[in-house]
Amino acid sequence: MASDKELASLVTADPGLPRPNPTQSYWQHIPHPLANTRSESLPSERDYAIIGSGITGCSVAKTLLEHHPTATVTVLEARTLCSGATGRNGGQMAANAGEEYMHLAEKMQELIEEYDAVEASEMQKLQKLRVFMTDSKFEDFQESIARLEADHPSMKGIYTILDADTVLKEYGIHGASGGALLPAGTVWPYRLVTKVFDALLKKYPGRLTIETNTAVEAVEYDEKFLTPITSVFPYTLRTSRGPMRAASVIYCTNGYSGHLLPCLRGRIHPFKGTMTVQDPGTSIPNQGKFVSWGFHYPPTYEPDTQRHGYGLYYLGQSAKTGYFYFGGENTRIDEAVSADDSFVASHSVSHLQSVLPRFFGKRG
Ligand SMILES: Cc1cc2nc3c(=O)[nH]c(=O)nc-3n(C[C@H](O)[C@H](O)[C@H](O)COP(=O)(O)OP(=O)(O)OC[C@H]3O[C@@H](n4cnc5c(N)ncnc54)[C@H](O)[C@@H]3O)c2cc1C
């Protein structure tokens, strides 16, 4: 197990810039036409510079454009459009507090309809089945739901507790101590976010530019502008394509934030996840329209390999193809706390391949 000192050095390390050669993500296997979009030359001055083109950068751009009718906005992205975690995640829409989910799901539904993305994003409203693989995890969960419902009676009825027999007979999951259903959804985040960016570019020509393959290497603030406004563009972004000045800078840089903002090192750090897409053939029915899953197990540690199991597997199924989108970590801590997404630890993939069939009563 990593010592406290080793852990401290991992979480406080400079994450660096996004690597130029990330692994290929299934979600991006058909790149959006805007994947490499950029202006001929970088704009020289903008009201808002947004660094990062994931779901956070997209939502900040949309909000600024809608609420500031004359503001100019530039999104800068080190690699291709929406190619970070948003373009490579589990696609699960679920929150552990059901009430919060209801509100977020309504917002997401509105967004998907507003941008005519129902078909492209393959959004499904469904039930998430949280499965507990040990009695103690299941007991803890039931206690916490009882407490939640006692403290917040309006949340009664959001979670449906299921015993082990029901989880096996109704949902075909083997080896569980029990489970719970809650309202949830699944979505293709890459397609949704790139569609919104596309629509924003068309709706706000001249006010929005997106500069992909443009890494921001440093952001400088000119101290002389601290005194009453002599310039409205006090920030200079040093990029791989030259400088750009901005009135405000918004960092939507996820686990890379500590590179540009060293004060955040140790507070925000990268954590690398592994997702697989697995075709179960016809051996497992396609339940992608009805249910997604989370499997909770006690975290593990193997001294021989120094691998940690982080306690959760998550999966959804494509309603169209039946493919499982299956993720979960079983890696050394130094592989997980890393911003280097140019490789997948080979063990993570074989581990996920061997685990999935077992939940459905097949041989791994
Ligand atoms: C394997 C995995 C599975 C997940 N599953 C789920 C799930 O099922 N459901 C869920 O809700 N969440 C899931 N998540 C989490 C979710 O993906 C993230 O919380 C979310 O995508 C973060 O969005 P973001 O826009 O903040 O960051 P990102 O999408 O990572 O975007 C940040 C962008 O900033 C860019 N950038 C960084 N530094 C610079 C720089 N200096 N210059 C220019 N560009 C820069 C990066 O290239 C990147 O594109 C998962 C994450 C992973 C990794």
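Residues numbered from 1 in each chain as written. Predicted model: local features only at pLDDT ≥ 70, side-chain atom pairs only at ≥ 80, totals over all residues.

1. Quick notes on the overall build of the protein chain
Helices and strands together make up the secondary structure of the protein chain, namely ten helices and 15 strands. The dimensions of the protein chain, computed from C-alpha atoms along their principal axes, are 70 × 50 × 45 Å. Looking at the protein chain as a whole, 37% of its 364 residues qualify as buried. Partitioning the contacts of the protein chain with sequence separation of at least 6, the portion at a separation of at least 24 is 73%. (Helix = DSSP H or I, 4+ residues; strand = E, 2+ residues; numbered from the N terminus. Buried ≥ 20, exposed ≤ 12 C-beta atoms within 10 Å, placed from the backbone. Contact = placed C-beta atoms within 7 Å.)

2. Topic: the site of the ligand
The immediate surroundings of the ligand are formed by 32 residues, with Gly52, Gly54, Gly84, Gly90 and Gly273 found nearest. Looking at which element gives the most residues to the shell around the ligand, the answer is helix 2 (residues 55-67), with three residues. Among the residues making up the shell around the ligand, the classes are represented as 14 nonpolar, 16 polar and two charged. Residue contributions to the shell around the ligand reach at least three from each of two domains, namely domain 1 (15-88 + 190-264) and domain 2 (126-185 + 271-359). (Near = placed C-beta within 6 Å. Nonpolar A, V, L, I, M, F, W, Y, C, P; charged D, E, K, R; others polar. Domains from an automatic or database assignment.)

3. Regarding the domain arrangement of the protein chain
Looking at the protein chain, the domain boundaries give domain 1 (15-88 + 190-264) and domain 2 (126-185 + 271-359). Spacing between the C-alpha centres of domain 1 and domain 2 amounts to 33 Å. With ten residues of domain 1 in contact, the opposing surface of domain 2 contributes nine residues. The residue inventory of the side of domain 1 that touches domain 2, partitioned by class, reads four nonpolar, four polar and two charged.

4. Focus: the sheet that holds strand 7 (residues 208-211)
Taken in spatial order, the six strands line up as 7-2-1-10-9-8 in an open sheet, and their pairing is mixed. Only two strands of the sheet have a single partner each, and these edge strands are strand 7 and strand 8 (216-221). Shown here is a sheet whose adjacent strand axes are inclined to one another by a mean of 40 degrees, direction ignored. Both strand 9 (residues 235-239) and strand 10 (residues 242-251) contribute to a ladder of five bridges, which runs antiparallel. (Pairing = 2+ DSSP bridges. Axes fitted to C-alpha atoms, helices over the stretch in contact; angles between N-to-C directions.)

5. Observations regarding helix 7 (residues 189-203)
Its 15 residues give helix 7 an end-to-end C-alpha distance of 21 Å, which sits within 8% of 21 Å, the value for a rise of 1.5 Å per residue. Among the residues of helix 7, Pro189, Tyr190, Arg191, Leu192, Val193, Thr194, Lys195, Val196, Phe197 and Leu200 are the ones counted as buried. (Expected span 1.5 Å × (residues − 1).)

6. A look at the nonpolar core
Counting 37 residues, the largest nonpolar core has Ala49, Ile50, Ile51, Ala61 and Val193 as its most contacted members. At the level of elements, strand 1 (45-51), helix 2, strand 2 (73-76), helix 7, strand 7 and strand 10 are the ones that each hand at least two residues to this core. A total of six residues in this core trace back to one element, the largest contributor, which is helix 7. Sequence-distant contacts of valine 193, defined by excluding residues within four places in its chain, comprise Gly54, Ile55, Cys58, Cys82 and Thr86. Among the nonpolar cores identified, the runner-up in size contains 25 residues, and Phe132, Ile173, Ala176 and Tyr313 belong to it. (Core = buried A, V, L, I, M, F, W, Y, C linked by C-beta atoms within 7 Å.)

7. A short note on helix 10 (residues 346-359)
Of the residues making up helix 10, those classed as buried are Ser348, His351, Leu352, Leu356 and Phe359. The buried residues of helix 10 occupy an angular sector of 125 degrees when the element is viewed end-on, so they sit on one face. Set apart from the buried face of helix 10 by more than 90 degrees, the exposed residues are Ser346, Ser350, Ser354 and Arg358. Buried residues along helix 10 sit in contact with strand 11 (275-278), strand 12 (291-296) and strand 15 (324-332). Once helix 10 ends, the next one or two residues include glycine 361, with phi positive near 75 degrees. (Arc of directions from axis to C-beta.)

8. Remarks on the packing of helix 2 against helix 7
In contact at an axis separation of 10 Å, helix 2 and helix 7 are set at 30 degrees when each is read in the N-to-C sense. On the basis of their axis angle, the class for helix 2 and helix 7 is roughly parallel. The two elements helix 2 and helix 7 cross, and the hand of that crossing is left-handed. Contact residues: Ile55, Cys58, Ala61, Lys62 and Leu65 in helix 2; Pro189, Val193, Val196, Phe197 and Leu200 in helix 7. Broken down by class, the residue content of the contact of helix 2 with helix 7 amounts to nine nonpolar, no polar and one charged. (Parallel < 35°, antiparallel > 145°, perpendicular 65-115°, else oblique. Left-handed = near helix turned anticlockwise from the far one by under 90°.)

9. Here's the deal with unusual backbone geometry
Despite not being glycine, glutamate 122 has its phi angle at roughly 50 degrees, a positive value. Topologically, glutamate 122 is positioned in the loop between helix 4 (118-121) and strand 4 (124-132). For asparagine 254, which is not glycine, the phi dihedral falls at a positive 50 degrees. When you line up the elements, asparagine 254 lands in the loop between strand 10 and helix 8 (257-260).

10. Here we look at the environment of leucine 181
Along the chain, the position of leucine 181 falls in strand 6 (residues 178-186). Overall, leucine 181 belongs to the buried group, with 20 C-beta atoms counted inside 10 Å. Separated by 39 residues in the primary sequence, leucine 181 and glutamine 142 place their C-alpha atoms 12 Å from one another.

11. Topic: the pairing of strand 4
Burial within strand 4 is extensive, with seven of its nine residues counted as buried. By the bridge criterion, nine bridges tie strand 4 to strand 6 in an arrangement that is antiparallel. The residue bridging valine 131 from the neighbouring strand is glycine 179, located in strand 6. As defined by bridge partners, strand 4 adjoins strand 12 across six bridges and the pair is classed as parallel. Bridge pairing links valine 131 to phenylalanine 295 in strand 12.

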